[in-house]
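# Examination of the molecular architecture
The primary structure of each chain is shown beneath.
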Amino acid sequence: RRIHVYTPPGYASNPKQRYPVLYLLHGSGDTDAEWSSVGRAGWILDNLIAGGKAQPMLIVMPNGHATDARDRDPAARGQNTAKFEAELTGDIIPLVEKTYRVEARRERRALVGLSMGGMQSLNIGLAHLNLFSHIGVFSAGIGGRLGTVQDFENKFQAVLSKPEATNKQLALFWIGCGKTDFLFQSVQELIGTLKKNGVRHVYHESEGGHVWWNWRMYLA
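My aim in this report is to walk through the structure given alongside it, one point at a time. (Residues numbered from 1 in each chain as written. Predicted model: local features only at pLDDT ≥ 70, side-chain atom pairs only at ≥ 80, totals over all residues. Heavy atoms only, no water.)

### Looking at the overall build of the protein
A count of helical and extended segments in the protein gives nine helices and seven strands. Taking 17 Å as the expected radius of gyration for a compact globule of 220 residues, we find that the protein reaches 17 Å, a close match to that expectation. Surface summary for the protein: the accessible area is close to 10500 Å², and the carbon and sulfur share equals 52%. If you average the places of the 25 positive and of the 20 negative side-chain charges in the protein, the two averages end up 6 Å apart. (Helix = DSSP H or I, 4+ residues; strand = E, 2+ residues; numbered from the N terminus. Rg over C-alpha atoms; globule rule 2.2 N^0.38 Å. Areas by Shrake-Rupley, 256 points an atom, 1.4 Å probe, with all protein chains shown as cover. Lys, Arg positive; Asp, Glu negative; His and termini not counted. Charge placed at Lys NZ, Arg CZ, Asp CG, Glu CD.)

### Overview of the packing of helix α3 (residues 80-99) against helix α4 (residues 116-127)
Where α3 contacts α4, the two axes come as close as 10 Å, and the packing angle between them is 60°. Put simply, α3 runs oblique to α4. Crossing geometry of α3 relative to α4 is assigned as right-handed. Along its contact with α3, which presents Asn80, Thr81, Phe84, Glu85 and Leu88, the element α4 presents Met116, Gln120, Asn123, Ile124 and Ala127. (Axes fitted to C-alpha atoms, helices over the stretch in contact; angles between N-to-C directions. Parallel < 35°, antiparallel > 145°, perpendicular 65-115°, else oblique. Left-handed = near helix turned anticlockwise from the far one by under 90°. Contact = heavy atoms within 4.5 Å.)

### Some words on the pattern of salt bridges
For the structure on display, the rule yields eight salt bridges. We note a salt bridge from Asp32 to Arg2, for which the minimum N-O separation is 2.8 Å. Remark: Arg2 occurs in the segment before β1 (3-6) and Asp32 occurs in the loop between β2 (21-25) and α1 (41-50); sequence separation between them is 30 residues. Relative accessible area serves as the criterion here: at 51%, Arg2 is assigned to the exposed category. Taken together, the shared-partner salt bridges connect Glu103, Arg105, Glu107 and Arg108 into one network. (Salt bridge = Lys/Arg side-chain N within 4 Å of Asp/Glu carboxyl O. Buried < 20%, exposed > 50% of the residue type's maximum accessible area, 1.4 Å probe, protein only.)

### As for α1
Where α1 is concerned, the buried positions are Ala41, Gly42, Ile44, Leu45, Leu48 and Ile49. The arc that holds the buried residues of α1, viewed along the axis, is 160°, so those residues lie on one side. Across α1 from its buried face, at more than 90 degrees, point the exposed residues Trp43, Asn47 and Ala50. Each element contacted by the buried residues of α1 is listed here: β1, β2, β3 (58-62) and α9 (212-219). Following α1 by one or two positions, Gly52 has its phi on the positive side, about 70°. (Arc of directions from axis to C-beta.)

### Remarks on the sheet that holds β1
Taking strand neighbours across the sheet as the criterion, the seven strands line up as β1-β3-β2-β4-β5-β6-β7 in an open arrangement whose pairing is mixed. Across the chains shown, the open sheet's two edge strands, defined by having one partner strand only, are β1 and β7 (202-206). For this sheet the average axis-to-axis angle between neighbouring strands, irrespective of direction, equals 15°. In this sheet, β3 lies alongside β2 in parallel orientation, the contact comprising three bridges. From the neighbouring strand, Leu22 faces β3, where its bridge partner is Ile59. (Pairing = 2+ DSSP bridges.)

### Concerning unusual backbone geometry
Even without being a glycine, Arg40 presents a positive backbone phi close to 55°. Positionally, Arg40 belongs in the loop between β2 and α1. Phi at Ser139 takes a positive value of approximately 55°, unusual for a residue other than glycine. Along the chain, the position of Ser139 falls in the loop between β5 (134-138) and α5 (149-155). The buried category is assigned to Ser139, whose relative accessible area is 0%.

### Re the environment of Leu126
Considering the arrangement of structural elements, one finds Leu126 in helix α4. The exposure class assigned to Leu126 is buried, which follows from its relative accessible area of 5%. Along the backbone, Leu126 and Val159 are 33 residues apart, and their C-alpha atoms lie at a distance of 7.3 Å. The residues contacting Leu126, other than those within four sequence positions of it, are Ser121, Ile135, Phe152, Phe156, Val159, Leu170 and Phe173.

Here it is, written out as structure tokens:
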């Protein structure tokens, strides 16, 4: 299966340098191509690096549909995150670390996504703090159609019950959502759960809804 990979300016001319890597996940209506095209991820990073606001890094944009995106069977679609988790940890990360000059350690590895990808980042990132030190969740939360707060607390009891250890592992846990996003309430449920359990995070609330101009801003 295909992945898109952004390499920063200077990657080809500095063959001894290794780089941090950001795994960047798309939404349910997209593929691995949208963060590069509509999301302008490469342009955003080029400008941040040029302005001294970001370190040079690789961005890896995989296809998050590990099951058939056209399958409307809820049971089949419900398996997508678990199958993608296995693919990301078992296939994609090893492939990237074999093929590209990236720093193969958790301190230099981030997982970020929007909407469906935000849910994947949340669930996979918290389940694999041994792999990721930075997690970004755009326009995704918990509660309601995304599963109950109790489900989330049960699944991540180890993470939530030991906030001091969790906070030491997470260099940054960043969450963003628009005020008119249809998942806004789900995001508030997530924020409330993290606050209740003492898990450190950064929350950014913007105008607008479930739209690309918000996600591009969140990435920056």
